[in-house]
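Now for the letters of each chain:
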Amino acid sequence: MAPSGPRSGLYDPRFEHDACGVALVADLEGRATHTLVRQALSALEHLAHRGATGSEEDSGDGAGILIQVPHDFYAAVVDFDLPPRGHYATGVAFLSRDADEAGLARSALGKLAGEEGLVVLGWRDMPIGDASLGSISEAAMPSMHQLFVAPAPGTPLAGDDPALAIDRLAFVLRKRAEHEIDECYFPSLSARTITYKGMLTSHQLAEFFPDLTDDRVISGLALVHSRFSTNTFPSWPLAHPYRYLAHNGEINTLAGNRNWMRAREALCESELIPGLDRAFPIVTPGGSDSASFDEVLELLHLGGRPLHHAVLMMIPEAWENHRTMDPARRAFYRFHASLMEPWDGPAAVAFTDGTVIGAVLDRNGLRPARYWVTDDGLVVLASEVGVIDVPPDKVVRKGRLQPGRMFLVDTAAGRIVDDDEIKEALAAEHPYAEWLDAGQTDLEDLPPRYMLTPQHASVVSHQRLFGYTNEELRLLIGPMAQSGTEPIGSMGTDTAIAVLSERPRLLYDYFTQLFAQVTNPPLDAIREELVTSLLSTLGPEANLLDPTADSCRQIVLPMPVIDNDDLAKLLYVNEDGSTPGFRAFAIDGLFEVEGGGAALRAAIEDVRARVGSAIADGADVIVLSDRNSTEEWAPIPSLLLVSAVHHHLVREKTRTRVGLVVESGDAREVHHMALLKGFGAAAINPYLAFETIDDMIASGTLTGVTPRQAQRNYIKAASKGIIKVMSKMGISTVASYTGAQAFEAVGLAPEVIDEYFAGTVSRIAGVGLDVLAGEVAARHRRAYLDRPAELAHREREIGGEYQWRREGEIHLFNPKTVFKLQHATRSKRYDIFKEYTTAVDDQSAQLATLRGLMQLRVGALPAVPIEEVEPASAILARFSTGAMSFGSISAEAHETLAIAMNRLGGRSNTGEGGEDPDRFTPDANGDLRRSAIKQVASGRFGVTSEYLVNADDLQIKIAQGAKPGEGGQLPGFKVTAGIAKTRYSTPGVGLISPPPHHDIYSIEDIAQLIHDLKSANPAARVHVKLVAEVGVGTVAAGVAKAHSDVVLISGHDGGTGATPLTSQKHAGIPWELGLAETQQTLLANDLRDRIVVQVDGQMKTGRDVVVGALLGAEEFGFATAPLVVSGCIMMRVCHLDTCPVGIATQDETLRARFSGKPEFVETFFEYIAEEVREILAALGLRSLEEAIGRADLIDSADAVDHWKAKGLDLAPILVQPELPEGAARYCINAQDHGLDRALDHAFLERCRPAIEYGTPVEVELAITNVDRTVGTLLGYEITRRHGGVGLPDGTIDLTFHGSAGQSFGAFVPKGVTMRLLGDTNDYLGKGLSGGRIIVRPPLDSTFAAEENIVAGNVILYGATAGEVFLRGQVGERFCVRNSGAVAVVEGVGDHGCEYMTGGRVVVLGPTGRNFAAGMSGGMAFVYDPYGRLAGVYNREYVDLEPLSSENRVWLKDRIAMHLEATGSAVAARLLADWISASEQFVTVMPQDYRRVLEATELAVAEGRSVEEAVMEASHG
Amino acid sequence: MGDIKGFLKYGRDLPPRRPVPVRLRDWKEVYEPFPVEAARQQGARCMDCGIPFCHEGCPLGNLIPEWNDLVYRDDWSEAVERLHATNNFPEFTGRLCPAPCEGSCVLGINDDPVTIERIEYEIIERAWAEGWVEPVPASVPTGKRVAVVGSGPAGLAAAQQLARAGHQVVVLERAEKPGGLLRYGIPEFKMEKAVIDRRLDQLTAEGVEFRCGVSVGEPDVLVRGAPAPGATVVNARALAGEFDSVLLAGGATLPRDLAVPGRELAGIHLAMDYLKPSNLVREGLLDRSPVSAEGKHVVIIGGGDTGADCLGTVHRQRALSVRQLEIMPEPPTDRAGDNPWPTWPLILRTSAALEEGGERIFSVTTAEFLGDGEGRVRALRGEEVEVVHGDGGRPEFRPVAGSEFELPCELVLLAMGFLGTERGGAVAELGLEVDDRGNVAADQSWSTNVDGVFVCGDMTRGQSLIVWAIAEGRSAAASVDRYLMGRTALAAPITPGQLALR
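Here the structure is a predicted model, which means the values were calculated and not measured. (Residues numbered from 1 in each chain as written. Chains lettered and ligands numbered in written order. Predicted model: local features only at pLDDT ≥ 70, side-chain atom pairs only at ≥ 80, totals over all residues. Heavy atoms only, no water.)

Points about the overall build of chain A
Item 1. A tally of helices and strands in chain A yields 48 helices and 52 strands.
Item 2. Considered along the principal axes of its C-alpha atoms, chain A spans approximately 90 × 85 × 75 Å.
Item 3. For chain A, the residues scored as buried account for 70% of the 1516 residues in total.
Item 4. A fraction of 73% describes how many contacts in chain A between residues 6 or more apart in sequence connect residues 24 or more apart.
Item 5. Surface exposure of chain A reaches about 44,900 Å², of which carbon and sulfur atoms provide 50%.
Item 6. Of the charged side chains in chain A, 137 are positive and 201 negative; the average position of the first set lies 4 Å away from that of the second. (Helix = DSSP H or I, 4+ residues; strand = E, 2+ residues; numbered from the N terminus. Buried < 20%, exposed > 50% of the residue type's maximum accessible area, 1.4 Å probe, protein only. Contact = heavy atoms within 4.5 Å. Areas by Shrake-Rupley, 256 points an atom, 1.4 Å probe, with all protein chains shown as cover. Lys, Arg positive; Asp, Glu negative; His and termini not counted. Charge placed at Lys NZ, Arg CZ, Asp CG, Glu CD.)

This is the structure:
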């Protein structure tokens, strides 16, 4: 059964993402009751806000429940006899609504059952109540038939558990039914459990399935799930739970995992599952990530492993860099890593087999999971605390699931099994360590072999063959070899994408890296290195279902990039009989260059055949090489070679029998390495890069480094680069990245994709093998010149990709266009401006951009006189400038843009650096320097209540075009006093913006942040800024459902920020694609009318604007062009603080050189608007509104006749979904943010006297977890009246009882105290702006508060001021990016104080791993009586110091305040024996901060300027 | 980039020019040597721009940031490779080019531009001194024969490129020796002739054959001093028949004359008729010039580069006085609003020759020459002019009433530019199309209207800079190579008619 809607245009259902709330409820003793079912359903309703609805309120994205089979109930309601409990399997079949077809399916099922040794006991028509169903759900609803089957007499049942044995039979039946019968889907078919689910809202589930409200339906455990899908395409099967699990999160490595599973099937056998091969394929094509995960989990479980064992194989904890892990456990993981790669991604998986029920969290801990246990044996675990009403005095334990940990309830044993106990037991099952010792060999332990050093001339000829340029040597390879890091650039990319380039490009250039946005988070591979791993294994795999010592007979590779010596070790691994059992085969990947595409195709087939016979001959390692080219034989592009072989072997199901190594001449950039890994290579030997490095050293071009060190540096840079590319997509381990295909192709023909890159998204067709062969041939010719002296003094091509060169790639900004643009706007010459736009548009048409290929259909409508076109002012209101922070650019440049946009009625953008409140009021001359758009980025710098209140638009930056999926860094030397002030940080101390927003790991999280921001300023529109990539439309639909007012689609090419060159060039796609996909998806989902669509990315001319409008945008952003108008000459050194025109610099001397004026910027926008008017008139349109979404006015039929671009098919971009009459193509409705339902309204009126007159007010009321963002609307009212100053402390005193929802106290300003007696969820005190928050257990709680969890993850994210006292422990990432709040807490999870830049944190209990990662400011005081902190903190940024006497006094005061506020028992104990207790505190001191403090002290002592001294110190 | 803050640390610096009294006593080049460290510091001033406007400002597309950086890194051998990648004759441009690159240097927006030209000079002179400039003979002869007509910078560049492409190249030159204006227009104090000779040796070693004293077609009467005495005349059509291809690089030799009363008086000479004999004397091919400024009051009409060349020569011939007249007004010292960066800055420059003496007079025109009664010029009568913009926006010069003046002079040199190619001779013989600016017309592949006959340099562009000439020669060579072989790997920096940004 197709899981989702149809493909159309750029939309494809496989881009769909989902996320959710999940809960499990269990009775420790396994006592089955109906009460428990009801409690589970009630938990589901408390998670409703984590699910979503589509355009209709009553069509949910999905809800479901999994319970034990209620045998007595079924026995009572069916009209046939049932065997005893556990001796039959049952499940609901989703069949066609057509009765005849359903009947046919039923009889087909009967037949299949017979073939699998089962008999159909009978059918039950599942009663349903569909009265409240929305029309969308209703239309897609299947008919529901409950099937009962039992083993046929005589069918043998394997093992000693009949229910499990029946499940194995039912498994094969179910798989076959799904493969062989049209429209047949079973949510479950089991003797143990049953799933009720559908495309329902949380509230509809029980009503839809009347069974669930029947008292006779009882269970001892239950899983529930509420789904939030990015789309609303109707699909019943995609609801959770699946057969064994409910999942909150996303599997990022899915494509690879699926391919590997498919390849493994050939080796999968189990005595336990007779006829397993009939169940193949295990993974259903087109299923969701959760569905695939469930299917593999099911196989591993039914194949003989306990369910929790299978779960740990698929989601192992981060063992690779865990130095203190028990060796046996480590061996367990290491052994299993040789069986299977991790399924990587943010995940909270709740699972059950009907007896054990539990949950596991991914290695990063990116999903919340909280549990509590009552004194009468009820266990509840859910995405949020407070989902079931339990009297506080009955709770005996409140905990949370930690990263990589498992929570397991064994209802048979009647107890909770501890994570350590589970893992110890599993690790002890087999002598894994011995097996590994015998089987695995480390690469470095292989005997050494050597290769020859090539001569300069041959290096040059190879460089020509593979298209190396001087620029690459200078900007990429040299720096990588010199410093071991990837080089940085700025100002985005404005060159042609590969398929539009006139020049022969490498195949790599046709692929762009995917990155995580919204539906899952990117990772910080630097600060959170402990969860990443470069380790992978090379060699054959064995039977997944029968692990033995032999299963790990593999070579361990510490790094994916290997040098020539390591390659030689592999190639000649058993040359002298030293490593028997390994056989390596080298296979040349060359084609006859004269033969073009046909020869290339034939050569690939030949390689595939040779690999096949090598495997048949016992190869364990295949080395694919392009080294041996000749005058006649040219290299097959390495990527094509690897992927073609990989996919061939997957299809042949022989892939897991060999490891693929590639000896590649063309691979040199990080992007290349990442692609080779992503399409299946285990190891890469970029030999020519190494030869180039040696040659550069020999010729004196590269100095100060030995060849050996240089090669090591290069390997390090390349390998770390791969990690960085992976982490953009949220993937942590190289092992699971291998073959994960986390790329999109732009400009490759279906013949190439389908055959060699199957499963990769490629939407506008493009070049085929002929062109690819032609590109190789062009380079080949240069290497084998008939008249070499023609290229005298020109060993390599010059390049020009990163810096403009005449002989290089076309750049849209080049000397001519920069000059004309500056000249036109400075001298106010519209005629010269037209020369500029003509030059840009012409270049664009010369194939620099996709929009250049599109012709406007002038004449399709009668032209209108220009006077009838709306005035420029109406158009100007749709313009904004891009997000560039004060910090990245100078105050002069920043304010110039703001003044200009305010004069024009457009909008400028703060960027992520905060804004000086001085700019919130107009200057004497009437100019306003305030930016209308306030950005909220992952760093949350200066995001205070006041900042948010002073905005027209609030923009959540999920990604930026220059480097989607990455964070940023402002080096200390750029953090001047002014910048430190607006960012609430310390001058001279560097600042980090994390790659993810730590409050957006998933789609339902962004709904929460949107809600928070809307509450912080109800008058502002909330934006979500996305970067174009495949599936961005689907994300945009999700964002629309999350109630964003505006969605911004950025092109890959825009972006002014500093970025690794790999990201600048190879991440994201042109906005034309992203925008069109967004428009199509929003329209198809009936969501376009409620959200404004903005576009930006290298917008330069009026034509660009009109094309944007026709493709669906109603607002337009410009960044680079206004900067150029302000004087930018594309120096591309923004990251170096040396901008010679005073824009991207904080250096006083250089800032004095700034020559921009608001008038120039005004002129620019006025001219653009004028040009838009001219084009509209020609098109026969009277306003931009009329143009929005009119893709029919674009003609791509005559796309230029060009050797590469002619294969492109732009039609999908121009598809317009069929719309009902009068349907809006742009935003006409406001989102319903639901602020009127906020709890704040319950006390706002009572607080009015305090807000207006400062009269103290006290309020006390109850709260539940559905009350989210409490206090924020109140904060808005206060800040609106009192600005950043707020009210006197404690003017408003609020006391709450219960479990508070997420974002309790977000952005609350000074003057408000919020006291919570109970507990709370994630994001407590987000952006706290001076308020005071106290959380403590209820007075009648009996447990020891300090041992239990009182609040969730990501507390005080981006707080700038205020105080927090938490009596109890909290989750991960406490005080992440705090820059001013003071907090006391009694224990924190992993990554505490991450990226903190200010404020103080007191931890009175345990801390998790990676404490203080990226912490550059503020201080933490940790009570550490057992000296454990030293083993778990991150040493990179901070030192541990003893407590100073000054701090000792402060700390004592603070703990006394904690005692007073919360009644903390810990505080009382510490104070009782303060002298000795205080000895046991450790001060966590950031090194940067310490240096600044010392510089300050010294300067004061010497009477020098403190600021100068600090900045000097920061330059180091 | 080695030193990202070099431009903030170091100011623009050039080697000093030799003291005027000293240099007036010889004809040697005027600059003192530049210490290596100084050159490296100047290299460090380069900002390695994302868009190197200098690289665009240079018609050759010189890889300026690359070699600036290499100089900073002290990697001179690599630097000369980068230099030769785009420029056959950096020692010529390093001395003679007015350096539009520096006019478009990004640092020049708000600071003094990088001393690009001097760095170029230092690189190539180091390369010559180290023996790094070696012949690059073609490995495979193609068997094709190409005649290059004219041996100025365009012809020489084309000849070298074509020889390296494996063709047999014959350069025909009507003067005594190859070099064109390089040899006979440019005085020694700007470029010593040995600089040309060593480069010609390289070309010869690469297989280029020079035939001097051969005029392709009859020279125009106005340039009767150009061919060597007794030069043979070859019919252009015959030449085209003899070679597989002909590339014309004969320059824009037709001088602009001054049709005012008294022009016929003795002592009034076209600049080339003055400069060439002076250079012949320096070369030892002539004992003394028939036209010398020694002991005379001199007026030079025309304020351009040729005027400056005359000026320096006049100084060295020990004139009594010298004045240089220019019809245009005195340019500003900084860019005017309508002359924005990175276009060529129209500002007041002081050439080395002006530093040595003489007076510049702007906004004047010559009304007539007055004779001494014996047929020799005695004085010049001029008047001031003002610029008015006529209907088409073109500037016109209107005399200022009552501003007449008289300048005594015994020698007048007319350095008023050139009017394109000679219309007779080869142009007529081959029946070449000439455009309305007086240049031989070329299509986008540098081909004339006659198959196999190509044209480059000033002959198609009109009078221009040496750097354009080399660029044209290189580009045309690529076209000729493609014409002969069907494809080419030769670089082609420009297309015909391409202009600088403006």
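Details of the overall build of chain B
Item 1. A count of helical and extended segments in chain B gives 19 helices and 16 strands.
Item 2. On C-alpha atoms alone, chain B measures out to a radius of gyration of 23 Å, which is about the 23 Å that the 2.2 N^0.38 rule sets for 502 residues.
Item 3. The buried share of chain B, taken over its 502 residues, is 56%.
Item 4. Sequence separation of at least 24 residues holds for 67% of the intrachain contacts in chain B that already meet a minimum separation of 6.
Item 5. Charge centroids of chain B, computed over 52 positive and 72 negative side chains, lie 2 Å from each other. (Rg over C-alpha atoms; globule rule 2.2 N^0.38 Å.)

What about the packing of aromatic side chains?
Residue and element names in this part refer to chain A.
Item 1. Evaluated as defined, the whole model comprises 41 aromatic pairs over all chains.
Item 2. Aromatic pair Tyr196 and Phe209: ring centres 5.2 Å apart, planes at 70°, arrangement edge-to-face. Residue Tyr196 is located in strand 7 (residues 193-198), and its partner Phe209 is located in the loop between helix 6 (205-208) and strand 8 (221-229); the two are separated by 13 residues in the primary sequence. Phe209 shares its class with Tyr196; the two are buried.
Item 3. Within the aromatic cluster, the residues linked to one another by ring pairs are Tyr830, Phe833, Tyr836, Phe879, Phe1116, Phe1118, Phe1164, Phe1165 and Tyr1167. (Phe/Tyr/Trp six-rings, centres within 6.5 Å; stacked < 30°, edge-to-face > 60°.)

So, the pairing of strand 9 (residues 245-249) of chain A
Residue and element names in this part refer to chain A.
Item 1. By the criterion of burial, strand 9 is predominantly enclosed, with five of the five residues buried.
Item 2. When strand 9 meets strand 10 (residues 347-352), the two strands line up antiparallel, connected through five bridges. Opposite Ala246, over in strand 10, you have Ala350 as the bridge partner. (Pairing = 2+ DSSP bridges.)

A look at the interface of chain A and chain B
Item 1. Listed by partner, the interface residues are 42 residues for chain A and 59 residues for chain B.
Item 2. Buried surface at the junction of chain A and chain B, summed over both partners, amounts to about 4,200 Å²; 56% is from carbon and sulfur atoms.
Item 3. Summed over the three residues of chain A that lose the most area to chain B, namely Arg787, His793 and Arg806 of chain A, the buried surface amounts to 20% of that side.
Item 4. Taken together, the links from chain A to chain B amount to five salt bridges.
Item 5. Across the pair Arg487 of chain B and Asp786 of chain A runs a salt bridge whose closest N-O atoms are separated by 3.9 Å.
Item 6. In this structure, the connection of chain A to chain B is made through 22 residue pairs in polar contact (both at pLDDT 80 or more).
Item 7. Put simply, the parts of the chain that give the side of chain A that touches chain B at least two residues each are helix 14 (470-483) and helix 24 (815-826) of chain A.
Item 8. With seven residues, helix 24 of chain A is the largest single contributor of residues to the side of chain A that touches chain B. (Buried area = accessible area lost by both parts, 1.4 Å probe. Salt bridge = Lys/Arg side-chain N within 4 Å of Asp/Glu carboxyl O. Polar contact = N/O pair within 3.5 Å; in protein donor to acceptor, adjacent residues only side chain to side chain.)

Quick notes on unusual backbone geometry
Item 1. Between His240 of chain A and the following residue, Pro241 of chain A, the backbone shows a cis peptide bond with an omega angle of -5°.
Item 2. Mapped onto the secondary structure, Pro241 of chain A falls in the loop between strand 8 and strand 9.
Item 3. With an omega of 5°, the peptide bond running from Trp341 of chain B to Pro342 of chain B counts as cis.
Item 4. Within the secondary structure, Pro342 of chain B sits in the loop between strand 9 (321-325) and helix 16 (352-355).
Item 5. Phi is positive for Glu183 of chain A, close to 50°, though the residue is something other than glycine.
Item 6. With respect to the secondary-structure elements, Glu183 of chain A resides in the loop between helix 5 (162-180) and strand 6 (184-185).
Item 7. You can call Glu183 of chain A partly exposed: its relative accessible area is 35%.
Item 8. One non-glycine residue, Thr1269 of chain A, lies in positive phi territory at about 55°.
Item 9. Summarising the element assignment, Thr1269 of chain A is placed in the loop between strand 43 (1257-1263) and helix 42 (1272-1282).

Let's talk about the pairing of strand 31 (residues 879-883) of chain A
Residues and elements named next belong to chain A.
Item 1. For strand 31, the tally of buried residues reaches four of five residues, placing the bulk of the element in the interior.
Item 2. Sheet topology note: the strand 31/strand 41 (residues 1115-1118) ladder contains three bridges and is parallel. Looking at strand 41, one finds that Phe879 is bridged to Phe1116.
Item 3. Strand direction decides the pairing type here: strand 31 and strand 32 (residues 907-909), joined by two bridges, are parallel. Along strand 32, the bridge assignment pairs Ser880 with Arg907.
Item 4. Between the parallel pair strand 31 and strand 32, the chain is carried across by helix 28 (residues 891-904), and the sense of this crossover is right-handed. (Right-handed = clockwise from strand over helix to strand, strands pointing away.)

Quick look at the sheet that holds strand 8 (residues 297-301) of chain B
By way of backbone hydrogen bonds, the strands of a sheet pair with one another, either parallel or antiparallel.
Residues and elements named next belong to chain B.
Item 1. Taken in spatial order, the five strands of this open sheet run 7-15-8-9-10, and their pairing is parallel. Each of the sheet's edge strands pairs with one partner strand only, and the pair in question is strand 7 (268-270) and strand 10 (359-361). Across the sheet, the mean angle separating the axes of adjacent strands is 20° when strand polarity is ignored.
Item 2. As paired elements, strand 7 and strand 15 (residues 411-414) share three bridges and run parallel to each other. When the bridges of strand 15 are listed, Leu270 appears paired with Leu414. (Axes fitted to C-alpha atoms, helices over the stretch in contact; angles between N-to-C directions.)

Observations regarding the nonpolar core
Residues and elements named next belong to chain A.
Item 1. With 311 residues, the main nonpolar core has Phe511, Phe879 and Ile1213 as its most contacted residues.
Item 2. It is helix 38 (residues 1158-1179) that contributes the most residues to this core, 12 residues altogether.
Item 3. Look past the residues within four positions of Ile1213 in its chain and what remains in contact with it is Leu10, Ile764, Leu850, Met854, Glu1072, Leu1073, Ala1076, Gln1080 and Leu1111.
Item 4. In this structure, Phe80, Phe171, Ile194 and Leu276 belong to the second largest nonpolar core, which totals 108 residues. (Core = buried A, V, L, I, M, F, W, Y, C linked by side-chain atoms within 4.5 Å.)

Overview of a nonpolar patch on the surface
Residue and element names in this part refer to chain B.
Item 1. A contiguous nonpolar surface patch, about 280 Å² in accessible area, is contributed by Ile327, Met328, Val387 and Phe397.
Item 2. Looking at the element boundaries, Ile327 is found in the loop between strand 9 and helix 16.
Item 3. Judged by relative accessible area, which is 31%, Ile327 ranks as partly exposed. (Patch = residues over 30% accessible without salt bridge, like charges linked within 9 Å, V, L, I, M, F, W, Y side chains within 5 Å.)

Remarks on the confidence of the model for chain B
Item 1. Per-residue pLDDT for chain B averages 95, and the proportion of residues at 70 or more is 100%.
Item 2. This complex was scored by the predictor with a pTM of 0.95 and an ipTM of 0.95. (pLDDT = per-residue confidence, 0-100.)

Regarding the environment of Ala1007 of chain A
All names here are of chain A.
Item 1. Its location among the elements puts Ala1007 in helix 31 (residues 1003-1016).
Item 2. On the basis of relative accessibility, which here comes to 13%, the residue Ala1007 falls in the buried class.
Item 3. Measuring from C-alpha to C-alpha, the distance between Ala1007 and Val518 comes to 10.0 Å, with 489 residues separating the pair along the chain.
Item 4. For Ala1007, the residues in contact, after removing those within four places along its chain, are Phe228 and Ala1042.

So, the sheet that holds strand 10 of chain A
Residue and element names in this part refer to chain A.
Item 1. The antiparallel open sheet is built from five strands, whose spatial order is 9-10-11-15-16. The open sheet has two edge strands with one neighbour each: strand 9 and strand 16 (415-417). Going across the sheet, the axis of each strand differs from the next one's by a mean of 15°, ignoring polarity.
Item 2. Sheet topology note: the strand 10/strand 11 (residues 356-361) ladder contains five bridges and is antiparallel.

Quick word on a negative patch on the surface
Residue and element names in this part refer to chain A.
Item 1. There is a patch of like negative charges on the surface, built from Asp98, Asp100, Glu101, Asp182 and Glu183.
Item 2. Note that Glu101 resides in helix 3 (residues 99-115).
Item 3. For Glu101, a relative accessible area of 43% gives the class partly exposed.

What about the pattern of salt bridges?
Item 1. With the rule as written, the count across this model stands at 155 salt bridges over all chains.
Item 2. Residue Arg1021 of chain A pairs with Asp953 of chain A through a salt bridge whose shortest N-O separation is 2.8 Å. Taken together, the positions of Arg1021 of chain A in strand 37 (residues 1021-1027) and Asp953 of chain A in strand 34 (residues 953-957) put the pair 68 residues apart, joining distant regions of the chain.
Item 3. Note on Arg1021 of chain A: relative accessible area 18%, which makes it buried.
Item 4. A salt bridge links Lys276 of chain B to Glu176 of chain B; the shortest N-O distance between them is 3.1 Å. Of this pair, Lys276 of chain B sits in helix 14 (residues 271-283) while Glu176 of chain B sits in the loop between strand 2 (168-173) and helix 11 (181-184), and the two are 100 residues apart along the sequence.

Details of the packing of helix 10 (residues 327-339) of chain A against helix 12 (residues 432-439) of chain A
Residue and element names in this part refer to chain A.
Item 1. Direction vectors running N to C along helix 10 and helix 12 enclose 50°, while the axes themselves pass 8 Å from each other. With respect to helix 12, the element helix 10 is oriented oblique. Judged by the sense of rotation from one axis to the other, the crossing of helix 10 with helix 12 is left-handed. Between helix 10 and helix 12, the residues in contact are Ala331, Phe332, Arg334, Phe335 and His336 and Tyr432, Ala433, Trp435 and Leu436, respectively.
Item 2. For the contact of helix 10 with helix 12, a count of residues per class yields seven nonpolar, one polar and one charged. (Parallel < 35°, antiparallel > 145°, perpendicular 65-115°, else oblique. Left-handed = near helix turned anticlockwise from the far one by under 90°. Nonpolar A, V, L, I, M, F, W, Y, C, P; charged D, E, K, R; others polar.)

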